[in-house]
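# Working through the structure, step by step
Spelled out, the chains give:
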Number of protein chains: 2
Amino acid sequence: MKLSELGEFGLIEQIRRTFAKRSPQAPIGIGDDAAALFVSPGSAVLATTDMLIEGVHFDRSTTDLFSLGWKSAAANLSDIAAMGGSPRFALVALALPSPTTAEQVAELYRGFTRIAKRHGTLIVGGDTCGSLRDLVISVTVLGEAKRKEIVTRAGAAPGDLVFVTGTLGDSAAGLELVRSAEYGVRSKDPNVNKLIEKHLRPVPRVAWGRKIAASRCASAMIDVSDGLSSDLGHICDESGVGAEVSAEQLPLSRALLAMRTLLRPPLWYALSGGEDYELLFTVPPGRLQKLRALRIPARLIGAITKDLRRVLIGPGGRKQTLAPSGYDHFAGPRAGKGPKR
Amino acid sequence: MKLSELGEFGLIEQIRRTFAKRSPQAPIGIGDDAAALFVSPGSAVLATTDMLIEGVHFDRSTTDLFSLGWKSAAANLSDIAAMGGSPRFALVALALPSPTTAEQVAELYRGFTRIAKRHGTLIVGGDTCGSLRDLVISVTVLGEAKRKEIVTRAGAAPGDLVFVTGTLGDSAAGLELVRSAEYGVRSKDPNVNKLIEKHLRPVPRVAWGRKIAASRCASAMIDVSDGLSSDLGHICDESGVGAEVSAEQLPLSRALLAMRTLLRPPLWYALSGGEDYELLFTVPPGRLQKLRALRIPARLIGAITKDLRRVLIGPGGRKQTLAPSGYDHFAGPRAGKGPKR
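Residues numbered from 1 in each chain as written. Chains lettered and ligands numbered in written order. Predicted model: local features only at pLDDT ≥ 70, side-chain atom pairs only at ≥ 80, totals over all residues. Heavy atoms only, no water.

## Brief notes about the overall build of chain A
Regarding its fold elements, chain A presents 11 helices and 14 strands. Relative to the 2.2 N^0.38 estimate, which gives 20 Å for 341 residues, the radius of gyration of chain A is 20 Å and therefore close to what a compact globule would have. Each of the three principal axes of chain A carries a C-alpha extent, and together these read 65 × 50 × 35 Å. Going through the 341 residues of chain A one by one, you find that 62% of them count as buried. For chain A, the accessible area works out to roughly 13,300 Å², and carbon and sulfur atoms hold 52% of it. Of the charged side chains in chain A, 44 are positive and 34 negative, and the gap between their average positions amounts to 7 Å. (Helix = DSSP H or I, 4+ residues; strand = E, 2+ residues; numbered from the N terminus. Rg over C-alpha atoms; globule rule 2.2 N^0.38 Å. Buried < 20%, exposed > 50% of the residue type's maximum accessible area, 1.4 Å probe, protein only. Areas by Shrake-Rupley, 256 points an atom, 1.4 Å probe, with all protein chains shown as cover. Lys, Arg positive; Asp, Glu negative; His and termini not counted. Charge placed at Lys NZ, Arg CZ, Asp CG, Glu CD.)

Right under this line is the structure:
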């Protein structure tokens with residue numbers, strides 16, 4: 001059904017009925033001036049927001065709406081995970097260009113709720129309006145965390161070890177693949193599909209973030225959204241330290257290593273690609289046992305240094321500067337020429 | 001300075017330093033993956049979000065950036081006020097077209113913080129990205145309220161009296177005036193300036209909302225953002241009731257009544273104009289004393305009925321249907337042909 005037939009309030013009513021059921025934690029949600037929410041007594045409220053704009057963050061020719069909804073949820077859930085918190089509530093604001101149908105909006109919400117619900121997160125509010133040209137998605141996710149368990153970017157100290165979960169670079173490689181092929185055509189190569197899946201439907205590391213926070217093994221944590229080199233830089237900036245990372249230790253997936261047709265070497269995707277949504281964190285040597293006891297797939301990739309430089313140690317011990325390389329929204333691609341997010 | 005020179009992270013750092021100082025309630029704000037916030041123990045968290053898009057919600061030729069920032073804050077503060085809550089924290093996401101300068105962004109933030117701080121609200125986070133064409137502002141405001149004091153849209157009962165604060169229609173008249181004149185040219189007529197001011201820099205009724213909530217005199221409340229006819233309709237829909245409103249009782253400002261050059265009669269602006277950000281609320285007759293004790297400028301305009309119709313009583317007692325008339329983002333202007341918001 002066309003939105004012009006359904007109307008703004010008809011659409012809101014549809015979203016409310018299908019995707020935003022009330023709960024004891026959110027007794028007042030869509031359909032009032034504001035949602036009323038309850039977090040655990042004594043917990044901090046964690047709040048993060050992300051805006052995704054057609055033509056800047058995504059391209060309708062290389063993503064389906066279900067994946068777009070999924071990813072817009074995942075990016076925000078990942079931010080809560082990186083604080084060590086539990087995501088709880090989401091507000092979704094959409095600006096919809098006029099040819100949009102109610103079914104397309106529902107598909108976007110289906111993708112959003114598929115991943116949000118899996119991580120205990122309910123849609124409790126939002127805003128819906130028309131757009132002259134581009135689809136705009138603005139998501140706010142609220143979570144909670146015990147004050148003492150919150151892990152910021154600012155606690156890393158010289159001597160701490162640097163770990164990262166999962167594998168790096170898959171999403172950026174997936175973006176390149178999805179752009180190179182006509183969208184919708186799935187490859188016969190399972191590795192291609194795996195990389196594209198990692199790009200379109202990333203899985204936020206909520207459970208791992210909670211474990212790391214509850215064990216209090218980490219001194220600082222961030223999620224890899226801008227690219228490892230940039231995000232490690234953020235930890236260094238906020239903590240007032242430097243870091244050394246070993247190129248040989250970076251966790252690369254079999255799918256990425258098997259891909260022969262990419263434009264750049266695997267290491268480039270791992271360092272400069274963004275949107276991995278893995279957790280990058282630092283652990284003081286005395287707390288390594290705590291981390292090991294968690295049994296999460298985290299790889300040791302380097303160490304924090306007193307020297308403020310950020311250094312990549314290559315094969316044979318050759319050192320080079322690890323410059324931030326993700327995409328800068330105003331300056332464009334930076335030194336390392338990261339892919340456009 | 002051009003944003004392309006300052007860079008994304010330079011801009012974030014500037015916003016952080018100037019507009020987003022930390023506080024005991026928000027010890028972790030801009031510069032981490034999520035803000036960490038504390039509300040009063042036992043209070044509910046109130047959450048509301050609004051997206052404003054250039055060409056849809058505002059036009060750069062009829063507003064300055066300070067006013068735009070102000071208004072984007074005010075609209076969200078007003079939603080918290082309409083729940084009876086206290087706004088506390090704001091997250092501001094901006095998509096900026098490339099000719100934007102750092103000074104322009106600062107001007108928008110100055111307007112935002114001017115009205116937000118006045119109501120005890122701090123900027124604690126956000127997102128900043130490039131936009132191919134239009135300026136997009138997405139604001140989330142978080143507030144708090146004691147559970148028992150929250151006033152929803154759903155509590156109105158037959159026999160309750162309908163009140164509205166302040167005056168109605170000024171903002172819609174101001175919009176017409178600002179469009180009819182070359183922007184920036186201030187009139188010699190103070191009434192014109194007053195109406196334009198009400199449109200560009202509305203004042204959310206936070207203190208009145210708090211008083212109404214704390215006294216527990218109101219059975220339902222909403223802020224007038226879509227226009228009185230629509231917003232009274234929202235209370236009726238959520239409460240499962242109807243209403244009768246007296247045209248002669250609607251509070252009209254002297255400025256509006258004095259304006260001889262408007263395209264429509266004053267009553268039209270009061271019923272169909274939006275963005276007044278006044279509080280519309282219902283009071284059971286037994287609680288009228290409580291309301292009077294508050295000494296807030298609220299006018300009795302009608303009553304809630306068991307009959308589900310929404311009726312406007314005109315001069316001489318003539319009744320007519322009070323149809324929702326605000327702007328529908330997908331269907332366009334509705335029956336009453338309200339102004340585009």
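## Here we look at the relation of the copies chain A and chain B
Once turned by 180 degrees and shifted 0.0 Å along the axis, chain A lies on chain B with an RMSD of 0.0 Å. Within this description, the copies of the chain are treated as partners about a two-fold rotation axis. Looking at chain A, 100% of its interface residues are interface residues in chain B too, so the copies touch through the same face. (Least-squares fit on C-alpha atoms with pLDDT ≥ 70 in both. Contact = heavy atoms within 4.5 Å.)

## Quick notes on the packing of aromatic side chains
All names here are of chain B. A complete count under the given rule lists 8 aromatic pairs over all chains for this structure. With 5.4 Å between their ring centres and 25 degrees between their planes, F19 and Y109 make a pair best called stacked. Highlighted residues: F19 in helix α2 (residues 8–19) and Y109 in helix α4 (residues 102–118), separated in sequence by 90 residues. In this structure Y109 comes out as buried when scored by relative accessible area, which is 3%. With centroids separated by 6.4 Å and ring planes inclined at 40 degrees, the aromatic side chains of F66 and W70 adopt a geometry described as tilted. Here the residue F66 and the residue W70 both occupy positions in helix α3 (residues 65–82), the gap between them amounting to 4 residues, near one helical turn. Each member of the pair F66 and W70 is classed as buried. The positively charged end of R264 is found above the aromatic ring belonging to W268, 4.2 Å away from the centroid. (Phe/Tyr/Trp six-rings, centres within 6.5 Å; stacked < 30°, edge-to-face > 60°. Lys NZ or Arg CZ within 6 Å of the ring centre and 35° of its normal.)

## Topic: the environment of S187 of chain B
All names here are of chain B. Structurally, the position occupied by S187 is in the loop between α5 (170–180) and α6 (190–200). Placed 10 residues apart in sequence, S187 and L177 show a C-alpha to C-alpha distance of 10.0 Å. If near-sequence neighbours (up to four positions away) are discounted, S187 is found in contact with V192 and N193.

## Describing empty space enclosed by the protein
All names here are of chain B. With the rule as written, the count across this model stands at 9 cavities of 30 Å³ or more. Considered as a void within the structure, the largest cavity measures approximately 70 Å³ in volume. When its residues are assigned to classes, the lining of the largest cavity shows 4 nonpolar, 2 polar and 4 charged. Looking at the lining of the second largest cavity, the elements with two or more residues in it are β3 (86–97) and α4. (1 Å grid on protein atoms, 1.4 Å probe; cavity = no way out; pocket = protein on both sides within 12 Å on 5 of 7 lines; lining within 4 Å. Points joined across faces, edges and corners; volume = space filled by probe spheres on them. Nonpolar A, V, L, I, M, F, W, Y, C, P; charged D, E, K, R; others polar.)

## Details of the nonpolar core
All names here are of chain B. Counting residues in each nonpolar core, the largest one holds 62 residues, and the members touching the most others are I212 and F281. For this core, the element with the most residues is α3, which contributes 10 residues. Ignoring any residue separated from it by four or fewer positions in sequence, one finds F281 in contact with L161, V162, F163, T165, I212, A218, A220, M221, L291 and A298. (Core = buried A, V, L, I, M, F, W, Y, C linked by side-chain atoms within 4.5 Å.)

## Side note on the pattern of salt bridges
Between side chains of opposite charge, a pair can form when the charged atoms approach closely. One pass over the full model with this rule turns up 36 salt bridges over all chains. E54 of chain A is the salt-bridge partner of R60 of chain A, the closest N and O atoms lying 4.0 Å from each other. Residue classification places R60 of chain A among the partly exposed positions, given a relative accessible area of 31%. You can call E54 of chain A buried: its relative accessible area is 17%. Among the salt bridges present, the one from D170 of chain B reaches K198 of chain B, with a minimum N-O distance of 3.7 Å. You can see D170 of chain B sitting in helix α5 and its partner K198 of chain B sitting in helix α6, a full 28 residues away along the chain. (Salt bridge = Lys/Arg side-chain N within 4 Å of Asp/Glu carboxyl O.)

## Quick look at the layout of surface pockets
Here the second largest pocket is characterised by a volume of approximately 920 Å³. Lining the second largest pocket are 49 residues, with R153 and D226 of chain A together with F9, I12 and D127 of chain B positioned closest to its centre. Listed by contribution, the elements that provide at least two residues to the lining of the second largest pocket are β2 (43–53), α3 (65–82), β7 (220–223) and α8 (228–239) of chain A together with α2, β3 and β4 (122–131) of chain B. Partitioned by chemical class, the residues of the lining of the second largest pocket number 18 nonpolar, 13 polar and 18 charged.

## Concerning the interface of chain A and chain B
Between chain A and chain B, the contact holds 70 residues from the first and 70 residues from the second. Together, the buried faces of chain A and chain B total about 5,600 Å²; carbon and sulfur atoms form 61% of this surface. Across the contact surface, chain A and chain B share 8 salt bridges. Of the charged contacts, one joins D32 of chain A and R153 of chain B as a salt bridge, the two residues approaching to 3.8 Å between their closest N and O atoms. At the junction of chain A with chain B, the criterion picks out 18 residue pairs in polar contact (both at pLDDT 80 or more). At 10 residues, β2 of chain A tops the list of elements feeding residues into the side of chain A that touches chain B. For the side of chain A that touches chain B, the residue count by class is 35 nonpolar, 17 polar and 18 charged. Note: β2 of chain A against strand β1 (residues 35–37) of chain B, 3 bridges, orientation antiparallel. (Buried area = accessible area lost by both parts, 1.4 Å probe. Polar contact = N/O pair within 3.5 Å; in protein donor to acceptor, adjacent residues only side chain to side chain. Pairing = 2+ DSSP bridges.)

## Observations concerning α3 of chain B
All names here are of chain B. With 18 residues, α3 should cover 26 Å at 1.5 Å per step; its first-to-last C-alpha distance of 26 Å lies within 8% of that length. With 18 of its 18 residues buried, α3 lies for the most part within the structure. Backbone geometry just after α3 places G84 at a positive phi near 85 degrees. (Expected span 1.5 Å × (residues − 1).)

## Overview of unusual backbone geometry
What you tend to see is this: most non-glycine residues have negative phi, and most peptide bonds are trans. Residues and elements named next belong to chain A. You will see that R216, though not glycine, has its phi angle at about 55 degrees, which is positive. With respect to the helices and strands, the residue R216 is situated in the loop between α7 (206–215) and β7. Residue R216 is classed as partly exposed on the basis of its relative accessible area of 44%. Of note, Y277 is a non-glycine position whose phi angle comes to about 55 degrees, a positive value. Residue Y277 is classed as buried on the basis of its relative accessible area, which comes to 6%.

## Here's the deal with the pairing of β4 of chain B
Residue and element names in this part refer to chain B. For β4, a buried count of 8 out of 10 residues is recorded, marking the element as mostly surrounded by other parts of the structure. The sheet contact formed by β3 and β4 spans 9 bridges and is parallel. In the sheet register, L96 faces β4, and the bridge partner there is G130. Viewed along the sheet, the connection from β3 through α4 into β4 turns out right-handed. (Right-handed = clockwise from strand over helix to strand, strands pointing away.)

## Details of the environment of P190 of chain B
All names here are of chain B. Tracing the backbone shows P190 in helix α6. We classify P190 as exposed; its relative accessible area is 55%. C-alpha separation for the pair P190 and A82, spaced 108 residues apart in sequence, amounts to 30 Å.

## Re the sheet that holds strand β6 (residues 161–165) of chain B
All names here are of chain B. Pairing is mixed in the open sheet, where 7 strands are placed in the order β7-β9-β6-β10-β8-β11-β12. Where the open sheet ends on each side, the last strands, each with one partner, are β7 (220–223) and β12 (319–321). The mean inter-strand angle of the sheet, taken between neighbouring strand axes irrespective of direction, is 25 degrees. Pairing analysis gives 4 bridges linking strand β8 (residues 242–246) to strand β11 (residues 310–313), with the strands arranged parallel. (Axes fitted to C-alpha atoms, helices over the stretch in contact; angles between N-to-C directions.)

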